[in-house]
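The residues making up each chain are set out below.
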Amino acid sequence: MSQPVAKVSLTGIKPTGEPHLGNLIGAIRPALQLAEQYDSVYFIADYHALTSVRDPKLLRHYSRSVAATWVAAGLDPNRTIFYVQSDVPEIFELTWALSCVTGKGLMNRAHAYKAARDRNVEAGEEPDAGVNMGLYNYPILMAVDILIMESDVVPVGKDQVQHVEYAADIAGSFNHLYGESYRLKVPQAIIPDAGTGHTLPGLDGRKMSKSYDNTIPLFLPENQLKKLVRRIPTDSTPVEAPKDPDGSAVFQILEQFAPPSAAAVVADTRKRLEAGGMGWGELKNVLFDVLNTELAPLRERYDELMQPGSDLDAYLAEGAVKARERAGRVLGSVREAIGIGR
Ligand code: ADP
Ligand code: TRP
């Protein structure tokens, strides 16, 4: 009996900085859970990062660091097709082909481009000042990432949903023109954290984000991790006073991060804060212990993978072969349908 074919879940991860706790909770863990039910395809979108990272050493470092993070966090390269975007040249060939069926008006309406224009106009500048064609064409490259792997679902944060809709639109335009010969699969966005809606707060209580410089990077040495946890702001409520755990960034990080094995610690901490009898200093110690217990083995694996010539290189090389095989099939069908090649 033939096995039912699993649906494909694909996502791209932009290597623009050191991965932090927010990325683990909001993106990595949910994607690893999806990999249990889907045929998963996850990749490092290094060419997408090029629109903002202009230091070649740094771009290479971030690409490796983000890849190592996913593997250290539990991605199984035998079950997930895991690769670096730039290792799959078929993507760039299809990007041109699909650019030719994509309306310029669609790109004009893309959120990131429109936001850049609005900022310029507000500042009294030329509307397109500082906008490069990479930023403008970004959604087409992303559409190709998705379409070339025949993706069914694309887990992304809210800000990326429009891009997935663009991929569906572009597939629609292609299918309208060439659908009698070949049809691209039309993808759908899913927001894995929609159920919880959680956003992890950072060191200053705002959303943890590289752009706010308020992150807890995942793989800090122990002593630095401790220092950062100490820096999370708290008020001056005395130790004995009852406290609202949900109003505290320290407790929120603890609650959202804690693995099931630490559920009892979280519940007990909540009780003690509410009753009065736990100070912020002690709460920070609890958070540090939970973080460190969970992250220490990941950190060790991450450090190994970051070494030149580690397993990571083999994983990514194998991933590239598998990805190119899939991409080559789709690209071949597209070339045939549009009249390119003999
Ligand atoms: P940053 O805001 O640090 O630049 P990115 O935009 O690169 O982070 O986010 C990559 C992924 O991590 C996205 O899927 C995003 O939803 C998730 N993510 C980032 N920060 C958080 C956070 N504070 N809480 C939950 N998820 C987050
Ligand atoms: N644009 C996405 C981001 O900024 C990264 C990305 C590139 C992506 N290609 C993708 C996400 C394809 C999902 C599917 O986070």
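What you see is a predicted model, and the numbers here were worked out from it, not measured in a lab.

(A) Just the site of ligand 1, in detail. Lining the immediate environment of ligand 1, one finds His20, Gly22, Asn23, Gly26, Ala27, Thr199, Leu200, Lys207, Met208, Ser209 and Lys210. One of the side-chain N or O atoms of lysine 207 is found 3.4 Å from an oxygen atom in ligand 1. In the model, an oxygen atom of ligand 1 is placed 2.7 Å from a nitrogen or oxygen of the lysine 210 main chain. Burial of ligand 1 by the surrounding chains reaches 75%, relative to a free accessible area of 540 Å². Across the shell around ligand 1, the residue classes tally to 3 nonpolar, 6 polar and 2 charged.

(B) Main features of the domain arrangement of the chain. The domains assigned to the chain are domain 1 (8-197 + 309-338) and domain 2 (219-303). Summing both partners gives a buried area of about 910 Å² for domain 1 against domain 2, and 63% of it is carried by carbon and sulfur. Interface area lost by domain 1 to domain 2 is led by Leu21, Arg29 and Ala72, which between them contribute 47%. At the junction of domain 1 with domain 2, the criterion picks out 1 salt bridge.

(C) How the structure looks around the packing of helix α3 (residues 56-72) against helix α12 (residues 280-306). Packing of α3 against α12 leaves a shortest axis separation of 9 Å and a crossing angle of 135°. The angle between the axes of α3 and α12 places the two elements in the oblique class. Pair α3 / α12 crosses with right-handed handedness. Listed contacts from α12 to His61, Arg64, Ser65, Ala68, Thr69, Val71 and Ala72 of α3 are Leu298, Arg301, Tyr302, Leu305 and Met306. Residue classes in the contact of α3 with α12 are distributed as 7 nonpolar, 3 polar and 2 charged.

(D) Quick peek at the environment of valine 290. By the element assignment, valine 290 lies in helix α12. For the pair valine 290 and proline 259, spaced 31 residues apart in sequence, the C-alpha separation works out to 8.6 Å. Setting aside chain neighbours within four positions, we find valine 290 in contact with Leu254, Phe257, Ala258, Pro259, Ala262 and Val265.

(E) Main features of the packing of aromatic side chains. Going through the model one piece at a time under the given rule, you end up with 6 aromatic pairs. Ring geometry for phenylalanine 43 versus tyrosine 83: centroids 5.4 Å apart, planes at 15°, classification stacked. With phenylalanine 43 in strand β2 (residues 39-44) and tyrosine 83 in strand β3 (residues 81-84), this residue pair connects regions lying 40 residues apart in the sequence. In this structure, phenylalanine 43 and tyrosine 83 share a single accessibility class: buried. Each ring, one from tyrosine 47 and one from phenylalanine 92, has its centre 5.0 Å from the other, and the planes form 70°; the classification is edge-to-face. Taken as a pair, tyrosine 47 in helix α2 (residues 46-49) and phenylalanine 92 in helix α4 (residues 90-99) lie far apart in primary sequence, 45 residues in all.

(F) Examining the site of ligand 2 more closely. Close contacts around ligand 2 come from 14 residues, with His48, Tyr138, Met142, Asp145 and Gln160 the closest. Here tyrosine 138 contributes a side-chain N or O atom positioned 2.6 Å from a nitrogen atom of ligand 2. The separation between a nitrogen atom of ligand 2 and a polar side-chain atom of aspartate 145 is 2.7 Å. Of all elements in the fold, only β1 (8-13) and α7 (133-147) reach the threshold of two or more residues within the shell around ligand 2. Sort the elements by how many residues they give to the shell around ligand 2 and α7 lands first, with 4 residues. Tallied by class, residues from the shell around ligand 2 come to 8 nonpolar, 4 polar and 2 charged.

(G) Quick look at α4. For α4, the complete set of buried residues consists of Glu90, Ile91, Leu94, Thr95, Ala97 and Leu98. Here the buried face of α4 lies against α7, α8 (161-178) and α13 (311-338).

(H) Structural context of the environment of alanine 258. Considering the arrangement of structural elements, one finds alanine 258 in the loop between α10 (249-257) and α11 (263-275). Exposure remark for alanine 258: the relative accessible area of 16% places this residue in the buried category. Taking C-alpha positions, alanine 258 is 8.8 Å from leucine 287, a pair spaced 29 residues apart along the chain.

(I) Representation of the pattern of salt bridges within the structure. A full pass over the atoms with the stated rule returns 14 salt bridges. Residue glutamate 150 pairs with arginine 329 through a salt bridge whose shortest N-O separation is 3.5 Å. Here glutamate 150, found in the loop between α7 and β4 (153-155), pairs with arginine 329, found in helix α13; they are 179 residues apart in sequence, far enough to count as distant. Linked through salt bridges whose partners overlap, the residues forming this network are Asp246, Glu255, Arg270 and Glu274.

(J) Up close: the environment of leucine 106. Examined against the element boundaries, leucine 106 turns out to sit in helix α5 (residues 104-108). In sequence terms leucine 106 and arginine 183 are 77 residues apart; their C-alpha atoms lie 21 Å from each other. Every residue in contact with leucine 106, bar those within four places of it in the chain, is listed here: Tyr166, Asp169 and Ile170.

(K) Structural context of the side chain of glutamine 162. Counting through the fold element by element, glutamine 162 comes out in helix α8. On the basis of relative accessibility, which here comes to 12%, the residue glutamine 162 falls in the buried class. Apart from residues lying up to four places away in sequence, glutamine 162 is in contact with Arg109, Ala110 and His111.

How each quantity is defined
- Residues numbered from 1 in each chain as written.
- Chains lettered and ligands numbered in written order.
- Predicted model: local features only at pLDDT ≥ 70, side-chain atom pairs only at ≥ 80, totals over all residues.
- Heavy atoms only, no water.
- Near = heavy atom within 4 Å.
- Polar contact = N/O pair within 3.5 Å; in protein donor to acceptor, adjacent residues only side chain to side chain.
- Areas by Shrake-Rupley, 256 points an atom, 1.4 Å probe, with all protein chains shown as cover.
- Nonpolar A, V, L, I, M, F, W, Y, C, P; charged D, E, K, R; others polar.
- Domains from an automatic or database assignment.
- Buried area = accessible area lost by both parts, 1.4 Å probe.
- Salt bridge = Lys/Arg side-chain N within 4 Å of Asp/Glu carboxyl O.
- Axes fitted to C-alpha atoms, helices over the stretch in contact; angles between N-to-C directions.
- Helix = DSSP H or I, 4+ residues; strand = E, 2+ residues; numbered from the N terminus.
- Parallel < 35°, antiparallel > 145°, perpendicular 65-115°, else oblique.
- Left-handed = near helix turned anticlockwise from the far one by under 90°.
- Contact = heavy atoms within 4.5 Å.
- Phe/Tyr/Trp six-rings, centres within 6.5 Å; stacked < 30°, edge-to-face > 60°.
- Buried < 20%, exposed > 50% of the residue type's maximum accessible area, 1.4 Å probe, protein only.

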